[in-house]
Amino acid sequence: MGVTLRTFVGGELETNAYLVVDDATGEAILIDAPDGITEDVVATAREEGWTITRIVLTHAHWDHIVDAAALKAATGVPLLAHPLTAERLASPDAFAGGYVPAKIAPVTPDGFLNDGDNVTVGSYTFAVMHLPGHDPAHIVLINEPERLLFGGDVVFPGGHGNTAIPGADQAVMNQSLRRLAALPPDLVVYPGHGEPTTLGAEAGWLRSA
Ligand SMILES: [Zn+2]
């Protein structure tokens, strides 16, 4: 018994979503909502006997939210995100720049997550850390006993999320990275794009932020 993870990759930027499951109860949360994953997520939960109880968005850049409205409709569960996502989620196309591949359905969060809040999955508790810099509304979810860190676009293998885009700020990102550098190095980072890493493996550049 423990935590089971299932990764779903969606959209042209190959954005990762994670289904995080408490094995004991089958309760699950979905982290992020990239393009085209809804059918697969719902079928997987049904086949495995998992019950999705919440959808959490790490931030509201378009590639993480294309399926948010569809997933909320398909599961009927609350969608949670940082308060600063609300405006972007209400009119996603207005914030998508020139990159948006298709019209994105607006969605209204059912609740907000701020720094210091918790999200539970069965008997597991994930702490919410607000880490702006790539996006002002960016949060990550951490469970230290299970060594899990769902990092969205804050930390990738070899570097941090883009800070040369509207709403991003390198100085703010550096503050966020210093908070991460103070966490246990054996935390495994599950990023919004690409393969997992650990904070320890990224410590060299993280500490110089
Ligand atoms: Zn992003």
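Reading guide: rules and limits
- Residues numbered from 1 in each chain as written.
- Predicted model: local features only at pLDDT ≥ 70, side-chain atom pairs only at ≥ 80, totals over all residues.
- Core = buried A, V, L, I, M, F, W, Y, C linked by C-beta atoms within 7 Å.
- Buried ≥ 20, exposed ≤ 12 C-beta atoms within 10 Å, placed from the backbone.
- Helix = DSSP H or I, 4+ residues; strand = E, 2+ residues; numbered from the N terminus.
- Contact = placed C-beta atoms within 7 Å.
- Pairing = 2+ DSSP bridges.
- Axes fitted to C-alpha atoms, helices over the stretch in contact; angles between N-to-C directions.

**Some words on the nonpolar core**
Grouped together as the largest cluster of nonpolar side chains are 56 residues, with contacts concentrated most on A28 and L30. For this core, the element with the highest residue contribution is strand β2 (residues 15-22), accounting for five residues. Excluding residues that lie within four positions of it along the chain, L30 makes contacts with A17, L19, V41, I52, I55 and L71.

**Considering the pairing of strand β8 (residues 124-130)**
Here strand β7 (residues 118-121) runs beside β8; their pairing, made up of four bridges, is antiparallel. By the bridge assignment, N118 is partnered in β8 with A127. The hairpin turn running from β7 into β8, its antiparallel successor, is two residues long, and G122 in that turn takes a positive phi close to 60 degrees.

**What to know about the sheet that holds strand β5 (residues 79-81)**
One open sheet accounts for six strands, arranged β1-β2-β3-β4-β5-β6; its pairing is mixed. Both edges of this open sheet fall to β1 (3-10) and β6 (111-112), since each of them pairs with a single strand only. Bridging between β5 and β6 involves two bridges; their strand directions are parallel. In the strand pairing of β6, A81 is matched with F112. Along the sheet, helix α1 (residues 38-48) makes contact with β1, β2, β3 (27-31) and β4 (51-56), crossing β1 at roughly 155 degrees. Sheet strands in contact with helix α2 (residues 68-75) are β3, β4 and β5, and its direction is about 150 degrees off that of β4.

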